[in-house]
Amino acid sequence: MKIEKLTENKIRIILKKEDFKDKSLNVQEVLLKSPDSQSLFLEILNRAKTEVNFDTEGHKLLIEAHFQSDDIFIFTITKYIESNTTLKSKNRKLLPSKKVQVFNTSYRVYQFSDFDDFCNFCNFINSNNTIDLKKLFKSSVLYLYNDTYYLLIDDISLYNKSLNLFHSSLLEFSEFLVCTKNFKFKLREHGKIMIKNNAIVKGIKYFA
């Protein structure tokens, strides 16, 4: 079992088949509401608190799971802050948990752990009809650089009232990079363009 702390409010759990060798349930049963599965889940939460200081007491939890293979099961746990505004989607509930940063430049770069995270963001933003992407920015391009995905958003409308909400949503799926214009130009010069022009809109069209 491997526990990774992604943010202060989110962790990733990687379970392998051997993690279940001394237990009566298998990987497919880990999230079922049986006494054995609930016992295992509590054990995982206790380990997360001890190993990565992830305390879930008093918080509602969102659990997202998928199979990487027949032997590897990966799921993420996100804890909610009740005082924050709830954003709703068909398959996901989101509460922005990070402090919103002030936009003071006309471009932003976000780093995704993998392409699936970008697709998940597109799926979420597609379900949120309060954000008008056309009025937020003029350009969004997805690059692959050094085996990492970067979303470059350019010509941002700094006074758009949905900007902070859009930024908070992105932070749940990616990491905001504080970078200079040199990195922006490096992406354009050395990065491989994965989705050119309107990357988010195209991501919604083909992957959401």
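Residue numbering note: each chain is counted from 1, following its sequence as written. This being a predicted model, a pLDDT of at least 70 is required before a residue's local features are given, and a value of 80 or more before pairs of side-chain atoms are given or counted; all residues contribute to the totals for chains, interfaces and linings. With hydrogens and water stripped out, all remaining heavy atoms of the structure feed into the side-chain values.

Some points on the overall build of the protein chain
Elements are defined by DSSP. Helices are runs of H or I of four residues or more, strands are runs of E of two residues or more, and each kind is numbered from the N terminus. On a plain count of helices and strands, the protein chain comes out with six helices and 11 strands. Partly exposed residues are those whose accessible area sits between 20% and 50% of the maximum for their type, while under 20% is buried and over 50% is exposed, using a 1.4 Å probe and protein chains only. Burial statistics for the protein chain: of 208 residues in total, 44% are counted as buried. Throughout, a residue-residue contact means that at least one pair of heavy atoms, one from each residue, lies within 4.5 Å. A separation of at least 24 residues holds for 66% of the contacts in the protein chain among residues at least 6 apart in sequence. Computed with a 1.4 Å probe, the accessible areas rest on the Shrake-Rupley method; for each residue, only the protein chains presented here act as cover. Counting every atom, the protein chain has about 12,400 Å² of accessible surface; 47% of that belongs to carbon and sulfur.

Some points on the packing of helix H2 (residues 115-127) against helix H4 (residues 163-171)
Fitted lines through C-alpha atoms serve as axes, helices being fitted only where they are in contact, and the angles separating the N-to-C directions of these axes extend from 0 to 180 degrees. It is at 10 Å that the axes of H2 and H4 come closest, and there the two elements cross at 145°. The way H2 lies across H4 gives a crossing that is right-handed. Contacts between H2 and H4 involve Phe121, Phe124 and Ile125 from the former and Phe166, Ser169 and Leu170 from the latter. Put simply, Ala, Val, Leu, Ile, Met, Phe, Trp, Tyr, Cys and Pro go in the nonpolar bin, Asp, Glu, Lys and Arg in the charged bin, and everything else, Gly too, in the polar bin. Residue composition of the contact of H2 with H4, grouped by class: five nonpolar, one polar and no charged. In this scheme, a crossing is called left-handed if the near helix is turned counterclockwise away from the far one by less than a right angle; it is called right-handed if the turn is clockwise.

A few points about the environment of threonine 56
On the secondary structure map, threonine 56 appears in the loop between helix H1 (35-52) and strand E3 (61-67). Distance from threonine 56 to lysine 79, taken between C-alpha atoms, is 6.6 Å for residues 23 residues apart in sequence. When residues no more than four places from it in sequence are discounted, the contact partners of threonine 56 are Leu45 and Leu61.

Brief notes about H2
To estimate the expected span of a helix, subtract one from its residue number and multiply by 1.5 Å. Taking 1.5 Å as the rise per residue, H2 with 13 residues should run 18 Å; its terminal C-alpha atoms sit 19 Å apart, in good agreement. Looking only at H2, the buried set comprises Asp117, Phe118, Cys119, Phe121, Cys122, Phe124 and Ile125. At the N-terminal boundary of H2, the capping side chain belongs to aspartate 114, with an oxygen 3.2 Å from the backbone nitrogen of aspartate 116. N or O atoms closer than or at 3.5 Å make up a polar contact, with two conditions inside protein: a donor-capable atom paired with an acceptor-capable one, and, for residues adjacent in sequence, both atoms drawn from side chains.

With respect to the pairing of strand E4 (residues 72-79)
Of all eight residues in E4, seven are buried; the element is thus mostly enclosed. Between any two strands, at least two bridges found by DSSP are needed for them to pair. In this structure, strand E2 (residues 10-16) lies alongside E4, joined through seven bridges in antiparallel fashion. Within the sheet, the bridge partner assigned to lysine 10 lies in E4 and is threonine 78.

Some words on the nonpolar core
Here is a general trend for soluble globular proteins: nonpolar side chains tend to be buried in one another's company. Take the buried residues of types Ala, Val, Leu, Ile, Met, Phe, Trp, Tyr and Cys, join any two whose side-chain atoms come within 4.5 Å, and each joined set is a nonpolar core. Phe112, Phe121, Leu133, Leu151, Ile153, Phe166 and Ile200 are the most contacted members of the largest nonpolar core, which totals 26 residues. Elements with a contribution of two residues or more to this core: strand E7 (108-112), H2, helix H3 (133-136), strand E8 (137-145), strand E9 (148-156), H4 and helix H6 (199-207). In terms of residue count, the dominant contributor to this core is H2 (five residues). Non-local contacts of phenylalanine 166, meaning those with residues more than four positions away in its chain, are made with Phe121, Ile125, Ile131, Leu133, Leu136, Phe137, Ile153 and Ile200. Counting 14 residues, the second-largest nonpolar core is a separate cluster that includes Ala48, Val52, Phe54 and Phe73.

A word on the state of the cysteines
A covalent bond between the sulfur atoms of two cysteines is what we call a disulfide. Only a pair of cysteine sulfur atoms within 2.5 Å counts as a disulfide in this structure description. Scanning the model with the defined rule gives zero disulfides in all. With no disulfide of its own, cysteine 119 lies 6.3 Å from the sulfur of cysteine 122, the closest cysteine sulfur. We classify cysteine 122 as buried; its relative accessible area is 0%.

Description of the packing of aromatic side chains
The aromatic pairing rule takes the rings of Phe, Tyr and Trp, using the six-membered ring of Trp, and pairs them if the centres are within 6.5 Å, calling planes under 30 degrees apart stacked, those over 60 edge-to-face and the rest tilted. Enumeration over the complete set of coordinates arrives at 12 aromatic pairs. Taking 5.7 Å as the distance between ring centres and 50° as the angle between the ring planes, the aromatic pair formed by phenylalanine 115 and tyrosine 149 counts as tilted. Highlighted residues: phenylalanine 115 in helix H2 and tyrosine 149 in strand E9, separated in sequence by 34 residues. Take phenylalanine 115: its relative accessible area is 22%, and that puts it in the partly exposed class. Looking at tyrosine 149, the relative accessible area reads 17%, which means it is buried. A centroid spacing of 5.7 Å and a plane angle of 40° characterise the contact between phenylalanine 137 and phenylalanine 166, whose relative ring orientation is tilted. Placement of phenylalanine 137 in strand E8 and of phenylalanine 166 in helix H4 is noted, with a sequence separation of 29 residues between them.

No statement about biological role is implied by the geometric values presented.
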